[in-house]
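Geometric and topological summary
What follows is the residue order along each chain.
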Amino acid sequence: MSHEIQLMAEGTPKWPKETVKPVEVEEGESVILPCHPPPSAEPLRIYWMNSKILHIKQDERVTMGQNGNLYFANVLTSDNHSDYICHAHFPGTRTIIQKEPIDLRVKATNSMMDRKPHLLFPTNSSSHLVALQGQPLILECIAEGFPTPTIKWLRPSGPMPADRVTYQNHNKTLQLLNVGEEDDGEYRCLAENSLGSDRHAYYVTVE
């Protein structure tokens with residue numbers, strides 16, 4: 001008897017028809033540009049590009065989340081563009097589709113207000129996750145604020161497993177490889193700038 005084979009038939013993905021309104025924001029404020037790609041049986045690859053097919057530069061201030069949204073911790077007048085385009089790559093059907101361009105309009109101001117960090121993702125103070133033994137675990141924290149916050153990760157219940165943990169996306173993403181029962185417990189992200197901090201606690205149960 002052969003191994004069981006799963007066959008998934010997917011049609012050509014299409015972005016739902018939508019009217020994308022310009023996003024207006026004052027210099028220094030935070031903003032989230034949504035992607036919301038169509039569902040897929042396989043993991044997608046998301047890219048943000050402009051109309052010249054150049055990738056949107058990402059750094060501590062501007063970052064794409066695991067959900068595909070583009071987060072700005074604070075906007076600058078140089079972010080003022082009418083062609084922020086989310087591309088979704090569907091490996092199963094070998095298709096790349098793109099969302100309608102988003103027009104980001106940044107209004108200049110002479111009084112940019114400093115403000116303490118506030119987490120844009122996750123939005124609540126704590127969350128509970130189940131991780132499967134032997135699989136990778138990905139945790140994410142994205143913050144807004146001015147000056148741009150930095151992110152650090154803590155594990156109150158013990159040391160981080162240095163040989164299996166990596167930090168990506170300017171420390172906003174923690175990836176833990178080959179999860180084991182000893183990885184049970186709390187993982188905390190801390191967003192900090194000169195005005196204060198915000199935090200999120202992930203409570204992880206390994207099964």
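Note that residues are indexed from 1 along each chain, following the sequence as it is written. Two thresholds apply to this predicted model, a pLDDT of at least 70 for residue-level local features and 80 or more for giving and counting side-chain atom pairs, whereas whole-chain, interface and lining totals are computed over all residues. Think of the side-chain values as coming from all heavy atoms in the structure, minus any hydrogens and water.

This part covers the UniProt feature "domain: Ig-like" (unreviewed entry) in the chain. UniProt records the feature "domain: Ig-like" (unreviewed entry) at residues 16–103 and 117–205, using the numbering of this structure. By the criteria applied, helices consist of DSSP H or I runs no shorter than four residues and strands consist of E runs no shorter than two, each listed in order from the N terminus. In residues 16–103, the share of helix is 0% and the share of strand is 39%. The end C-alpha atoms are 18 Å apart. Its end C-alpha atoms 28 Å apart, residues 117–205 is made of 0% helix and 58% strand. UniProt positions are given in the numbering used here, feature names are shortened, and annotations may be inferred rather than shown by experiment.

In this analysis, rings of Phe, Tyr and Trp, with Trp reduced to its six-membered ring, are considered paired at centre separations within 6.5 Å, and the interplanar angle assigns stacked below 30 degrees, edge-to-face beyond 60, and tilted for intermediate values. Enumeration over the complete set of coordinates arrives at 2 aromatic pairs. A centroid spacing of 5.9 Å and a plane angle of 85° characterise the contact between Phe72 and Tyr84, whose relative ring orientation is edge-to-face. Pair noted here: Phe72 is in strand 5 (residues 70–72) and Tyr84 is in strand 6 (residues 81–90), with a separation of 12 residues, a long-range link. Tyr84 carries the same exposure label as Phe72, and that label is buried. Between Trp153 and Tyr202 the ring centres are 6.4 Å apart and the planes differ by 25°, which places this aromatic pair in the stacked class. The rule is simple: take the accessible area with a 1.4 Å probe, protein chains only, and divide by the maximum for that residue type; under 20% is buried, over 50% is exposed, in between is partly exposed.

Take the state of the cysteines next. Disulfides are defined as pairs of cysteine sulfur atoms found within 2.5 Å of each other. Inspection of every chain in the model, using the stated rule, returns 2 disulfides. The disulfide partner of Cys35 is Cys86, and the gap between their sulfur atoms is 2.0 Å. Given an S-S torsion of about -65°, the disulfide between Cys35 and Cys86 has left-handed geometry. Here Cys35, found in the loop between strand 2 (31–33) and strand 3 (45–49), pairs with Cys86, found in strand 6; they are 51 residues apart in sequence, far enough to count as distant. Exposure class is identical for Cys35 and Cys86. Each is buried. The partner cysteine of Cys141 in its disulfide is Cys189, sulfur to sulfur 1.9 Å. Between Cys141 and Cys189, the disulfide has an S-S torsion of -80° and is therefore left-handed. Here Cys141, found in the loop between strand 11 (137–140) and strand 12 (142–146), pairs with Cys189, found in strand 16 (residues 185–193); they are 48 residues apart in sequence, far enough to count as distant. A residue is classified by how much of its surface remains accessible, and Cys141, at 0% relative accessible area, is buried. For Cys189, a relative accessible area of 0% corresponds to the buried category. Counting only the cysteines that form disulfides, in the order they appear in the chain, gives the pairing 1-2, 3-4.

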